Amino acid sequence: MAVKPAWLAKLPPNWRARMIRLTFNLHPAYRGTGGRVVHVAPDLSHIRVSLPLSWRTRNLVGSLYGGSLFAVTDGVHPVLLMAALGKDVIVWDKAASIRYRRPGFTTLYADFFVDKAEVAAIRAALAESPELDRTYLVELKDSKGVVHTVVERTVYVAEKSFYQRKVAQGAA
């Protein structure tokens with residue numbers, strides 16, 4: 001996903017959320033998940049994704065395909081963190097795992113949050129160490145709030161200058 005903080009910063013504030021939603025929804029890899037970004041908060045602290053049950057997302061037994069459940073959560077936290085932390089920080093998805101609780105036979109929704117307290121905690125941690133991992137739990141729920149799937153995603157965050165030195169030394 002090519003949503004760079006510098007690119008985002010050039011947009012008027014009232015367009016940033018719209019452009020992130022549009023970028024996700026038009027990106028071929030994200031479109032392939034079957035999911036859609038349905039809401040981006042104006043302050044870029046929250047993104048809501050829907051994953052409808054359709055011919056593209058249905059598996060052999062008629063429930064949502066596990067690959068779509070997993071893929072629809074890909075890249076969302078890094079985009080929120082890149083927007084919040086700015087161009088002097090590198091953010092990557094590092095690891096992920098999924099736990100299926102019950103099959104999804106209807107549209108499921110996932111909410112992603114990165115609030116000001118989280119951003120402050122990351123900045124404080126980066127002041128002590130130039131790189132860190134943050135883990136986020138994402139629940140995919142139906143319209144009644146019943147959890148069907150839990151995805152745990154680990155995101156790598158590093159000061160850009162530290163990361164560039166690390167890459168130059170071949171240690172990345």
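See the structure shown above.
Calculation notes
Residues numbered from 1 in each chain as written. Predicted model: local features only at pLDDT ≥ 70, side-chain atom pairs only at ≥ 80, totals over all residues. Heavy atoms only, no water. Helix = DSSP H or I, 4+ residues; strand = E, 2+ residues; numbered from the N terminus. Rg over C-alpha atoms; globule rule 2.2 N^0.38 Å. Buried < 20%, exposed > 50% of the residue type's maximum accessible area, 1.4 Å probe, protein only. Contact = heavy atoms within 4.5 Å. Expected span 1.5 Å × (residues − 1). Pairing = 2+ DSSP bridges. Axes fitted to C-alpha atoms, helices over the stretch in contact; angles between N-to-C directions. Phe/Tyr/Trp six-rings, centres within 6.5 Å; stacked < 30°, edge-to-face > 60°. Lys NZ or Arg CZ within 6 Å of the ring centre and 35° of its normal. Polar contact = N/O pair within 3.5 Å; in protein donor to acceptor, adjacent residues only side chain to side chain.

**Quick look at the overall build of the protein chain**
Within the protein chain, the secondary structure is distributed over seven helices and six strands. Scanning the protein chain from its N terminus toward the C terminus, one meets helices and strands in the order α-α-α-β-β-α-α-β-β-α-β-β-α. Its C-alpha atoms give the protein chain a radius of gyration of 17 Å, near enough to 16 Å, the size a compact globule of 172 residues would have. Overall, the protein chain is about 50 × 35 × 30 Å in size when its C-alpha atoms are taken along their principal axes. Split into buried and exposed, the 172 residues of the protein chain put 41% on the buried side. At a minimum sequence separation of 6, the contacts of the protein chain that also span at least 24 residues come to 64%.

**Quick notes on helix H2 (residues 13-26)**
Count 3.6 residues to each turn of an α-helix, and residues three or four apart come out pointing the same way. When the terminal C-alpha atoms of H2 are compared, their 21 Å separation across 14 residues agrees well with the 20 Å that a helix rising 1.5 Å per residue should span. Where H2 is concerned, the buried positions are Ala17, Ile20, Thr23, Phe24 and Asn25.

**Quick notes on unusual backbone geometry**
In this structure, leucine 44 takes a positive phi of about 60° despite not being glycine. Locating leucine 44 in the fold gives a position in the loop between strand E1 (36-40) and strand E2 (46-51). What makes leucine 44 buried here is its relative accessible area of 10%.

**Quick notes on the sheet that holds strand E5 (residues 131-141)**
Whenever strands of a sheet pair, they do so through backbone hydrogen bonds, lying parallel or antiparallel. Read across the open sheet, the six strands follow the order E1-E2-E4-E5-E6-E3; overall the sheet is antiparallel. With one partner strand each, in any of the chains shown, E1 and strand E3 (89-100) form the two edges of the open sheet. Adjacent strand axes in the sheet meet at a mean angle of 25° when their direction is disregarded. Both E5 and strand E6 (residues 147-159) contribute to a ladder of eleven bridges, which runs antiparallel. By the bridge assignment, glutamate 131 is partnered in E6 with alanine 158. Contacting E3, E5 and E6, helix H7 (residues 160-168) runs over the sheet at an angle of about 80° to E6.

**Notes on the pairing of E5**
Inspection of the sheet shows strand E4 (residues 108-113) paired to E5 by two bridges, in the antiparallel sense. Within E5, the residue paired with tyrosine 109 across the bridge is lysine 141. The hairpin turn running from E5 into E6, its antiparallel successor, is five residues long, and glycine 145 in that turn takes a positive phi close to 90°.

**Some remarks on the environment of glutamate 131**
Here glutamate 131 lies in strand E5. With residues near it in sequence (within four places) discarded, glutamate 131 still touches Leu126, Tyr156, Val157, Ala158, Phe162 and Lys166.

**A closer look at the packing of aromatic side chains**
Following the criterion strictly, the structure yields one aromatic pair and no others. Their ring planes at 70° and their centres at 5.0 Å tell us that phenylalanine 24 and tyrosine 30 sit as a pair that is edge-to-face. With respect to class, phenylalanine 24 is no different from tyrosine 30; both count as buried. The side chain of arginine 18 reaches across the aromatic face of tryptophan 15, ending 4.9 Å from its centre. If you follow arginine 153 out to its NZ or CZ, it ends over the ring of phenylalanine 70, 4.9 Å from the centre.

**With respect to the environment of threonine 154**
Within the secondary structure, threonine 154 sits in strand E6. Note: C-alpha distance between threonine 154 and alanine 95 (59 residues apart in sequence) is 5.0 Å. Ignoring any residue separated from it by four or fewer positions in sequence, one finds threonine 154 in contact with Trp92, Asp93, Lys94, Ala95, Asp133, Arg134 and Thr135. One polar contact links threonine 154 to threonine 135, side chain to side chain, over a distance of 3.5 Å.

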